[in-house]
Amino acid sequence: MPEPLKKPVSAFTKKPKSLEVTAGSLAEFVAEVGKADAKVKWQKDGKDIQAGEKHTITSEGVQHKLVVNNVTKDDEVGYAVISGTSKVKFELKVKEEDGKGSPGGQISLEVSPAPTPAAPAAPAAPAAPAAPAEQKENVAASSPAPSENAPVTATEEAQSKTTPPSPGGEAPPSPQLPNDTQDEKPSDSSRKNSVWSLGEGSTEEGEKLDDSKRSTLFTEQPHSGTVTVGGDITFVAKVETKDLLRKPNAKWFKGKWLDLASKAGKHLQLKESFDRITRIHTFEMQIIKAKENYAGNYRCEVTWKDKFDSCSFDLEVIEAPEVQQIDIRAAFKRRAAPVSGTDGQDDAGELDFSGLLKHREVKDENTEPDFDVWELLKGAQPHEYEKIAFEHGITDLRGLLRRLKKIKREEKKSAAFAKVLEPGYQVERGDKIRFVVDLADPTVDLKWYRNGQEIRPGPKYIFEHKGTLRMLTIKNCTKADDAAYQVAAGEEKSTTELFVKEPPILITRELEDTEGLVGERVELECEVSEENAQLKWYKNGIELGVSSKYRFRTEGTKHWLIIPEAAKTDTGTYSVKTAGGQSTAALKVEMRPLKILQGLTDQVVQVGQQAVLQCEMSLANLPGKWYKNGQVIYPTDHLKIFHRGRVHKLVVEKAALDDDGEYTFVPEGYTMHLGAKLRMTDPPKLYLDHLTKTPEIVVVAGSKLRLDIPVTGEPMPRIVWMKGDKAILETGNRVRAESFPDHTSMVIDAAEKDDCGVYKIVVQNEAGEDSATLKIKVVDVPDPPAAPIVTEVGGDWCLMMWSPPDYDGNSPILGYIIERKKKQSSRWMRLNFDLCKEMTFEPKNMIEGIPYEVQVIAVNAIGLSRPSDPSKAFVPLAPTSEPTLLACDDVTDTSVTLKWRPPERIGAAGLDGYLIEYCLEGKDEWIVANPELTDKTKYTINGLPTGEKIHVRVKAVNAAGESLPITMAQSILVKEVVEPPKIRLPRQLKQTYIRKVGESLNLMIPFQGKPRPKVSWTKDGAPLDLNTISIRNTDTDTVIFVRKTERYHSGNYELTVQVEKIEDKATIVIQVVEKPGAPFTVQIVEVWDTNVELAWTPPKDNGNAAITGYTIQKADKKTMDWYTVVEHYHRTNCFIPDLIVGNEYYFRVFAENMCGLSDEATRTKNSALIQKQGLALKSPQYNDFDFKETPKFTHPLINTIAVSGYNATLNCSVRGNPKPLITWMKNRMVIEDNPRYRMFANQGVCTLEIRKPSPYDGGLYTCKAINPLGEDEVECKMEVKVAQ
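Residues numbered from 1 in each chain as written. Predicted model: local features only at pLDDT ≥ 70, side-chain atom pairs only at ≥ 80, totals over all residues. Heavy atoms only, no water.

> Explanation requested: the overall build of the protein in the structure shown.
Per the secondary structure count, the protein includes 8 helices and 96 strands. Counted over contacts in the protein with a minimum sequence separation of 6, partners at least 24 positions apart contribute 65%. Accessible area of the protein: about 72800 Å², with a carbon and sulfur share of 49%. (Helix = DSSP H or I, 4+ residues; strand = E, 2+ residues; numbered from the N terminus. Contact = heavy atoms within 4.5 Å. Areas by Shrake-Rupley, 256 points an atom, 1.4 Å probe, with all protein chains shown as cover.)

> Is there a simple way to explain the environment of Val33 in this structure?
Along the chain, the position of Val33 falls in strand S3 (residues 27-33). Each C-alpha atom of the pair Val33 and Ala11 lies 5.7 Å from the other, and the pair is 22 residues apart in sequence. Not counting residues within four places of it along the chain, the set of residues in contact with Val33 comprises Ala11, Phe12, Thr13, Ala38, Val40, Val62, His64 and Ser83.

> For this particular structure, what's the right way to read the pattern of salt bridges?
Any two side chains of opposite charge can pair if their charged atoms end up close together. The full count for this structure, using the stated rule, is 42 salt bridges. When the shortest N-O distance is used, the salt bridge between Lys44 and Asp75 registers 3.0 Å. Taken together, the residues Lys44 in strand S4 (residues 41-44) and Asp75 in the loop between strand S7 (63-68) and strand S8 (78-83) connect sequence positions 31 residues apart. With a shortest N-O distance of 3.8 Å, Glu696 and Lys775 are connected by a salt bridge. Here Lys775 lies in strand S54 (residues 768-779) and Glu696 lies in strand S47 (residues 696-700), a separation of 79 residues in the sequence. The exposure class assigned to Lys775 is partly exposed, which follows from its relative accessible area of 41%. Among the charged side chains, a network of salt bridges with common partners joins Arg706, Asp708, Arg736, Glu738 and Asp749. (Salt bridge = Lys/Arg side-chain N within 4 Å of Asp/Glu carboxyl O. Buried < 20%, exposed > 50% of the residue type's maximum accessible area, 1.4 Å probe, protein only.)

> Just checking my understanding: could you explain the pairing of strand S76 (residues 1037-1042) for this structure?
Successive residues of a regular strand alternate their side chains across the two faces of the sheet. Where burial is concerned, most of S76 is hidden: 5 out of the 6 residues are buried. Sheet topology places strand S72 (residues 1001-1010) next to S76; 6 bridges connect them, and they run antiparallel. Residue Met1004 lies in a different strand from S76, and its bridge partner there is Val1039. Examined bridge by bridge, strand S75 (residues 1030-1033) and S76 share 4 bridges and lie antiparallel to one another. Bridging from a neighbouring strand, Arg1032 pairs with Val1039 of S76. What sits between S75 and S76 in their antiparallel hairpin is a turn of 3 residues. (Pairing = 2+ DSSP bridges.)

> Hey, could you run me through the sheet that holds strand S26 (residues 469-474) in this one?
Sheet strands pair by backbone hydrogen bonding; their relative direction is either parallel or antiparallel. If you trace the 4 strands from one edge of the open sheet to the other, you get S20-S22-S26-S25, paired in antiparallel fashion. Whereas interior strands pair on both sides, the edge strands pair on one side only; in this sheet they are strand S20 (417-419) and strand S25 (461-466). Within this sheet the neighbouring strands show an average axis-to-axis angle of 30°, counted without direction. (Axes fitted to C-alpha atoms, helices over the stretch in contact; angles between N-to-C directions.)

> Would you take a moment to explain the sheet that holds strand S89 (residues 1200-1203) for this structure?
Pairing is mixed in the open sheet, where 5 strands are placed in the order S89-S96-S95-S91-S92. Each end of this open sheet is capped by a strand with a single partner; those strands are S89 and strand S92 (1229-1230). Across 2 bridges, strand S91 (residues 1221-1226) lies against S92 in antiparallel orientation. Bridging from a neighbouring strand, Met1225 pairs with Val1230 of S92.

> Whenever I open this one, the environment of Val500 confuses me. Can you help?
Relative to the assigned elements, Val500 resides in strand S28 (residues 492-501). Remark: the alpha-carbon pair of Val500 and Val427, spanning 73 residues in sequence, is separated by 5.1 Å. In this structure, Val500 is in contact with Val427, Glu428, Arg429, Cys477, Thr478, Lys479, Asp481 and Asp482, ignoring residues within four places of it in sequence.

> I'm lost on the nonpolar core in this one. Help?
Phe235, Trp252, Met285, Ile287, Tyr298 and Leu315 are the most contacted members of the largest nonpolar core, which totals 23 residues. Going through the elements one at a time, strand S13 (233-240), strand S14 (249-254), strand S17 (280-287), strand S18 (296-304) and strand S19 (307-318) are the ones with two or more residues in this core. (Core = buried A, V, L, I, M, F, W, Y, C linked by side-chain atoms within 4.5 Å.)

> Quick question: what am I supposed to make of the environment of Tyr852 here?
Mapped onto the elements of the fold, Tyr852 is located in strand S60 (residues 852-860). Beyond its immediate chain neighbours, meaning those up to four positions away, Tyr852 contacts Arg820, Lys821, Lys822, Lys823, Met846, Ile847, Lys872, Ala873, Phe874 and Pro876.

Printed below as a string of structure tokens:
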């Protein structure tokens, strides 16, 4: 079936109806919209209605009401309600008051149209004569089908009461509604600017709420739309990305949080595309074969980096209108169930009718509907199903509904049948029915089935053939024939349902009007035409059910309604209904005569006692109600109500003043009443709430005190306030008493210290006396404490103490606040965040060497005292930390030498010196080794006993005192230990140590040994010449030093270290070298062709080092410019080739050792002439070469990344003749006269230096070379980065 056209969607889910009311009454119009925030406005005769005395406009959620007060003929005009783009018109008709209306003179009638999916059923006003009502709105609305429990409207109830079934069982026709209400659309311009998704009424509001006004990314937003069930719809969003470097990210949501990306599949597809020409991204969301639950609010979000845009839109899914006859056969299809026979079997299948409700056709209002139970059920509300089944004799309604629910929408085209069975057939009980099918192929075998069992011909079932028609006739239909029937032609089948209708049940004996008394048994009796008939009883139109109040009895065709104990409320109109009629009768229940045997009497009761009010009536078990001052009394633990037989009693337990009043008893159902007064008396009493017997009241000095003490007593007592023996008068100024009906007060303005004391309150009346005492304490801030005293000072701390204040303000001291400041400063700093509970405190984190002052503030519950006087100034100083790295440096038989490192922390007090102490092992006495402090980090303790063990420690001392000591972990034995001598010769001295002439010689050779070794030096076995060589010896090493070495300092030096008779020796070879002398002689041995052979003798002085090679040079006799021919040559003869013919050469030779070449060279005495006989030199002729060339860069510029603040250079090379002119450009602009740039050109290498570039110097650089023959250029990019 083709998809129906999409119609505009109405904003209204319920529309106001046209009304006809009586003049002088009020008219109420009700409209409901789909959204609670939708704007709604009302119009009268085309003009907006403003709220006032005449018109009342209310709004609650989605419901909007217009009430027209005191209706007149002038109000009989056209009205309209507008929401968004939807407009509904309706009318108000006014008739003159004729006294036949409703009791209030107001007639409000709503005629509900036939149920459609467009609007749910809603309650209406009480029934009245039919008035014109609006026709169905001319828009496609999507509302759910009415549920089976939907309430019955007043109109429908009135119709069910007043309209009996027509003869023949036909249902009453639906009322015809005039077409005076229509849904109009505003102009195109207003529709263009409206906000459909928000449901706004005016374009101004729509523009305010329209998200497109705030869009930053969307170029086209998705719009709200409507789709029929099973149809497809696509929403499109477009984003322009000319200014975006990357693709934006789009997401689709339903509601607030449901991301639709996870729901993509068969019914939902998300697509996106990109147009490279327009640079527009298109995002699509396609919904395929929409379902009803797809309706709702959707949202599209687009994000790109920090940019965000969102757009909301709505989707409405409406049901597709039915354009073809409903397939009742499929709807009535039964589930297969085994049937044992063809006659006398009940239906074993299940019926489902709910599916048929979704396919109801719109009735043609201009035609009278034929009476058919299926048509009635198809067009009825769910709550009317039982009513229709009852009126038309449907006994299996539940099974019928289950079968109808399974009805199919479409019928497949049959190939075997030219005409199939109708979906359903209906027949009266006892009549006959004929099923007819038309075969496309008359030769095909045909079989008939009933509930799945094949039907055989017989007296009840008759088979007929007429051309291609095949007929089955069933005679004398009974309830057993109500079943599913099927005809099979080959492989194809056609199915239908047969429903046998029972005849209506008639009432043969009507109900009769009855009267009765309260408490008696009442019976209403009727008689019907058949036994076991189904009846329904009603009271005042409301159906009655079985309960303790009502009972039902049936005997054959007789039926009774029994009320075991009638009450006054049982008076009313009772009716009984059957499928064929109804009967009505009135029941009147009267009260029995009543006499008062004992009345109520007035009573006076004291508070707390029990009060009893009692009366006696002539009738037993007669209920009644008790009243106090006109208010109904309900039983509680305090008020107890008793009723035994004819006695009624009200008991007040523990009576209170509130129980005083007039009490009344009224028998139920009677107008008489009994009354009495209850008067309460109460001695005076003071209520001090949770306070003790002698409570203490605390008040802050200077504040106002007002004590309110509740007082009770009846009559009102006399109140007296006293302090000591003095009474406090009400005429007092600062301290006064005040009395009120329910309490007394004492007021103290600006409380003082003298107001402390005990106060007494006395209350008296004729019923008694009460008194109480109160203690008032005036509290204040404490006095300041005395100046604190600093008892101890450290490096960044001190210890202070103080005394409590003399006056604590009548409130315990909670703690103290300590503050400090530098002496030169005026700013005090709080040191403790939590109150200090003690009288001592240790301030910390002070700067060493700075004078400070401290002060104290006392704190109680009232506040802070004034600060105390500052303490005397003090300076934080601290001893140094302990010395470090204490070690024993040397031990002799009578002394110990110690060494250590200074303390890591010295502090502002500095370091005065060190104190060394020792203690003999086994004793606790520490002996000071140095009476005076030493500032050195090494000290020798003398005069120690030989062989004893001692412990030593060192302390650092400054103005703050001694530091912690550093102690050696182990004791020291005072006895010198012999250690064999050992020379630790450095590695470089284990081989020949070479120095050049003139350099200094400084060698340190460490050794060990105890006692101090004896050191001696020799050179080549002879003692050293101390005039040219210096020797310095210590306990651990010896140093040999020569300020300026000469060659005679070379030799073998022997070091001897001796301890007692043990010695150790080491030999050091020192070699002092210099450059060698020149070779002794150089001779030209032979000259041939262009070669010369040379020979020479080694130099006499090799510089005290081996000759490592020779260097030979040649020189043309004409120029005498020397050129090296051979270097590092090891032999003493060589030949020199490739000499130029005709030239005469001299040669010289240098000697070379580890110090370098000799300062002088030995030259040959004779020269070597290179010549050849028979050859003449002929100079060739050469043509001049054209060296001209256009500029061409042989090395280009290279892209460079420079660092800001550091010079950068750009280099390239160019060749060309004549020499080209070089021009540098930045971003195609010539660089001229700019001191930040330096340009060089040397031998064709072009350089541009940029001094300390910044990020602004980045860009495109070009080097251009120009000469008369042409030009060439190269370029590169330079980026300047800031150093991190």
